[in-house]
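Coordinates in review
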Amino acid sequence: MAVGTYERAPTLERADYASPVASELETIWETKPGIGGWLSTVDHKELGIRYIATAFAFLILGGIEALVMRVQLARPNLSLLTPEQYNQIFSMHGITMIFLYAQPVLTGFSAYLFPLLLGTRDLAFPRLNAFSYWAYLAAGLFMYASFLVAAAPNDGWFNYAPYSLKTYNPGPNMDFYALGMILLGISTTAGAINFLVTVLRTRAPGMSINRLPILTWGTTTTSVGILLSMPAVTLACFMLWADRQFGTHFFDATARGQPLLWQHLFWIFAHPWVYIIVLPAMGIVSDALPIFCRRPLVGYTVVVLGTIATMVMGFGVWLHHMFATGIPFIALSFFSGASFVITIPSAVAVFAWVATIWTGRPVITTAFLFFAGFISMFVIGGVSGVMTASVAADRQLTDTYFVVAHIHYVLIGINLFPVIGGLFVWFPKMTGRMLNERLGKWSFWIILCGFNLAFLPMHWTGLAGMPRRIYTYQDGMGWNTVNLVTSIGAFFLALGILLVLINIFLSVRNGAVAGPNPWDGPTLEWVTPSPPPPYNFAVIPAVASRHPLWEDRLREGMGHSSVHRGLVLDDGKEMLATTVLDAEPDAILKMPEDSYSPLVVAVVMTAGFAGLLLHWWVFSGICAWLMFMGLLVWLWPEPKLGQSARWDR
Amino acid sequence: MSDISMTHAPTSGAAVRPSPLPVGSIGHKASGWWGMLTIILTEGSLFSYLLFSYYYFAVQYGREWLPSEPPKFRLSLPNTIILIVSSVVVWWAERGAKRGSWGQLVLGLLGGFILGCVFVVIQLFEWKDKPFTYASSAYGSLYFTITGFHMAHVVAGLVILLMLLVWSLMRYFDSERNAPVSIGAIYWHFVDVVWLTVFFSLYITPYLG
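Below or above, wherever it landed, is the structure these notes cover. If you're wondering where the values come from, they're calculated on a predicted model, not measured in any experiment. (Residues numbered from 1 in each chain as written. Chains lettered and ligands numbered in written order. Predicted model: local features only at pLDDT ≥ 70, side-chain atom pairs only at ≥ 80, totals over all residues. Heavy atoms only, no water.)

Residues and elements named next belong to chain A. What the three strands build is an open sheet, ordered E2-E4-E3; its pairing is antiparallel. Whereas interior strands pair on both sides, the edge strands pair on one side only; in this sheet they are strand E2 (12–14) and strand E3 (540–542). Taken pair by pair, the neighbouring strands of this sheet meet at an average axis angle of 50 degrees, ignoring direction. Two strands pair when backbone bridges link them, and E2 and strand E4 (residues 562–567) are joined in this way by three bridges, in the antiparallel orientation. (Pairing = 2+ DSSP bridges. Helix = DSSP H or I, 4+ residues; strand = E, 2+ residues; numbered from the N terminus. Axes fitted to C-alpha atoms, helices over the stretch in contact; angles between N-to-C directions.)

This is the structure:
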């Protein structure tokens, strides 16, 4: 067959969202209405919003667990919870917040925003995106199902051996953890693959890598981090499960195993994970803060390089979680030094944000407040991190509430604040309605005060020697007042979050109508109507600078971006592939239709894992076989997608 | 703002002059090819953590951790050679696909598949031959986990080769539309390269002192 039949020159046209081209694209790209469409959709916007909503549901669950713990710890010698119940609740609180909220919520933002920021119509693998979502939801439900049998994981989110071994932990608690984490890891890996290929191959023409929005840099960098780090915890969980089910001896010191191997594998994964749940959030701030400062971000290049440097160095500091385990002095020195050095790229980003505010003309919106609050909390969390990077100080502070204070300043400061700020920025894009600013500012001040009231005193609790993870404490240790203050602060924080949720609930129907660009933002997502149509862009925009919508006032480059005149691509579901570095048009990609196979494969896979948990080996085998058949349907070369020689155009 | 590259700043529409573009999945322009590279990146790190665990135990316990009798080459060495040959055969098949030679494609995939199956069977004998089990010591646990993970990847690769063979027999591919063949082939090469690192770690390092 001649090569020529596989090629086409797309037409170059001017088209807006009222043109005939747009209505034609609408019929090509729209999801069918009804429950069938809801279950089979591959629209990245729908899935992104679903991701964010599910993550917020887990945030609420994790928050309720936190409040229960704070009630238990409000006064000495309380017995609201038994020690075992407390273990399960603090473990699930950590697992929920770190694995089921913090990373998935950022995945949700990226899934929603990536194609819009990059000027394309969907992620590179739309069906894989749907699979990631379903597998994430299934993994979350799988782990929470443990509460139904009163056997939730009870060894913390870090799940140290040997307490997690069968000898000390005979129930199914740790099996829920090990299998659930592997399941979640599959979902996360699939998401990372999707973002990486999307950013490498499907950007708008002209969006060379030095013009990428910082949010996409953050997610791209963390996607590489996920691909390199995730296998460590997957392997560790597999080893743990094998130790528990089949009598292998990886972590069993009585048979030449090494309990410390668990910590190595876990922290090789979990320290990069800290940056994985932070860098995209920093990207949100780097992209959205400048909108409210009415100027471009100061130091784009150094912020990008800092993002990459942080991720690279993030792989070289895991041992600082293990300073107290008796490892050799030379290792302590190296990892302590590395932990000090890694503050530098973060500090560069902080200076860039401060300079952007300083030299800009800030508009004090709710989103701006959350971003400014984030910068301050990030600095406090960072400084307590520097303190614990010192081996001498860490030996004193390790396993005390000081570390609990640090982790919460870092994770709530760098994840929750930017996420809520980002929600205020992009909620109008997602729903077409504005969030209420007045209510928003109230929620910001309550969250900020509640947060500091809850976690600042924890530094003192820790310095006063209160160990973490204890379910109660005796009177007269000097910990009573600080613990009471912490508990009151926790409820304030929860009230603030509740106000944000009420705001969302009220505004989604009754908020002011947003229009395409309510904040006067510079990037491509603000070209589209709010909410964007299923095909995102009527024509593929061509980009000539970092701020396509601010070019008239910035005079950035020679050319002008062209957002309403571009390649049409309306011969079925189509996207433009571009080259990796310069983003020059390279190929026309045929995109798949909505499909049930992602849902089916995710459900069958989860059922198979449930079978492993219950030791129904035959059932799991059947599920594996069904999953294989589902994958086969999914991956069968389709002539329509140009994957086989029998191409019907 | 000064570092915007002038060479890539298109004047209006310059970057999008409508020139003919290939449509659909073709060669390295296919999204799936890039997706496979990312899978290899993450699977490659899985094996580096497996080998990290192996060397971690080796450093902690030294020689006394190894079984008294070092691993033998009677089955493992020929098996390694079989796997390398299978990679060459699959490469030959892919080359056939690109030349439009249907016979070479089918024959090569079939050859690669058969050689892969031979590897699995010999490896099963190798497992049977071991004086220890996965439950007898930490070394045994790790030996069977590393080679087991590798076997799982070989089996996945065999399934891929089999499906490519079926699709080739159904005349799904020609000299242009054969991206799935390249995508499957690169995975098979990856599985074979991983075996070389596993073979070096488990079979050769015990003799290195």
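Okay, the interface of chain B and chain A next. Listed per partner, the contact involves 62 residues of chain B and 78 residues of chain A. Each partner contributes to the roughly 6,400 Å² buried at the junction of chain B and chain A, and carbon and sulfur atoms together form 66% of this total. The tally of links between chain B and chain A comes to two salt bridges. Taking the shortest distance from any N to any O, the salt bridge between Asp586(A) and Lys29(B) comes out at 2.7 Å. (Contact = heavy atoms within 4.5 Å. Buried area = accessible area lost by both parts, 1.4 Å probe. Salt bridge = Lys/Arg side-chain N within 4 Å of Asp/Glu carboxyl O.)

A side chain of one charge can pair with a side chain of the opposite charge when the charged atoms of the two come close. Applying the stated criterion to the full structure yields 20 salt bridges over all chains. The salt bridge partner of Lys640(A) is Glu593(A), with a shortest N-O separation of 3.9 Å. Here Lys640(A) is found in the segment after helix H20 (617–635), whereas its partner Glu593(A) is found in the loop between strand E6 (585–590) and helix H19 (597–614), with 47 residues between them in sequence. Lys640(A) gets classed as partly exposed once you look at its relative accessible area, which sits at 42%. Look at Glu593(A) and you get partly exposed, because its relative accessible area is 36%. A salt bridge links Lys72(B) to Glu69(B), with the shortest nitrogen-to-oxygen separation between them at 3.1 Å. We classify Lys72(B) as partly exposed; its relative accessible area is 40%. Each of the salt bridges in this network shares a partner with another, and the network as a whole consists of Arg8(A), Asp571(A), Glu574(A) and Lys590(A). (Buried < 20%, exposed > 50% of the residue type's maximum accessible area, 1.4 Å probe, protein only.)

Attention now moves to the environment of Trp267(A). All names here are of chain A. Along the chain, Trp267 turns up in helix H8 (residues 259–276). Considering only alpha carbons, one finds Trp267 and His320, 53 residues apart in sequence, at a separation of 9.1 Å. Trp267 has contacts with Trp157, Phe158, Tyr160, Pro272, Trp318, His321 and Met322, leaving out every residue within four places of it along the chain.

Moving on, we come to the packing of helix H4 (residues 83–118) of chain A against helix H7 (residues 214–246) of chain A. Residue and element names in this part refer to chain A. Interhelical geometry of H4 versus H7 gives an angle of 125 degrees and a closest axis separation of 10 Å. Overall, the two elements H4 and H7 adopt an arrangement that is oblique. Classified by chirality, the crossing of H7 by H4 is left-handed. Residues Gln103, Ser110, Leu113, Phe114, Leu117 and Leu118 of H4 form the contact with H7, whose own contacting residues are Leu215, Thr216, Thr219, Thr220 and Ile226. Split by residue class, the contact of H4 with H7 holds six nonpolar, five polar and no charged. (Parallel < 35°, antiparallel > 145°, perpendicular 65-115°, else oblique. Left-handed = near helix turned anticlockwise from the far one by under 90°. Nonpolar A, V, L, I, M, F, W, Y, C, P; charged D, E, K, R; others polar.)

We now examine the nonpolar core. Nonpolar side chains tend toward joint burial in soluble globular proteins. All names here are of chain A. One finds Phe109, Trp262, Trp353 and Phe417 to be the most contacted residues of the largest nonpolar core, which totals 246 residues. Of the residues forming this core, the biggest block, 21 residues, is contributed by H4. Formed by 15 residues, the second largest nonpolar core is a distinct cluster that contains Val21, Val539, Val568 and Ala577. (Core = buried A, V, L, I, M, F, W, Y, C linked by side-chain atoms within 4.5 Å.)

Next up on the list: the pairing of strand E5 (residues 574–578) of chain A. All names here are of chain A. Burial runs high along E5: five of the five residues are buried. Burial along E5 is two-sided: Glu574, Leu576 and Thr578 and Met575 and Ala577, pointing in opposite directions, are all buried. Where E5 folds back onto E6 in an antiparallel hairpin, the turn is made up of six residues, including Ala583, whose phi is positive at roughly 55 degrees.

Residues and elements named next belong to chain A. The tally for this structure, following the rule as stated, stands at 73 aromatic pairs over all chains. Between the aromatic rings of Phe56 and Tyr101, the centroid separation amounts to 6.3 Å while the plane-to-plane angle is 85 degrees, which identifies the pairing as edge-to-face. Pair noted here: Phe56 is in helix H3 (residues 44–73) and Tyr101 is in helix H4, with a separation of 45 residues, a long-range link. An identical accessibility class is assigned to Phe56 and Tyr101; each is buried. (Phe/Tyr/Trp six-rings, centres within 6.5 Å; stacked < 30°, edge-to-face > 60°.)

Before going further, it helps to examine the side chain of Ser507(A). Mapped onto the elements, Ser507(A) comes out in helix H17 (residues 480–510). The residues touching Ser507(A), leaving out its near neighbours within four places in the chain, are Phe427(A), Arg433(A), Met434(A), Leu435(A) and Asn436(A).

Remember, this is a structural readout, not a statement about activity or role.
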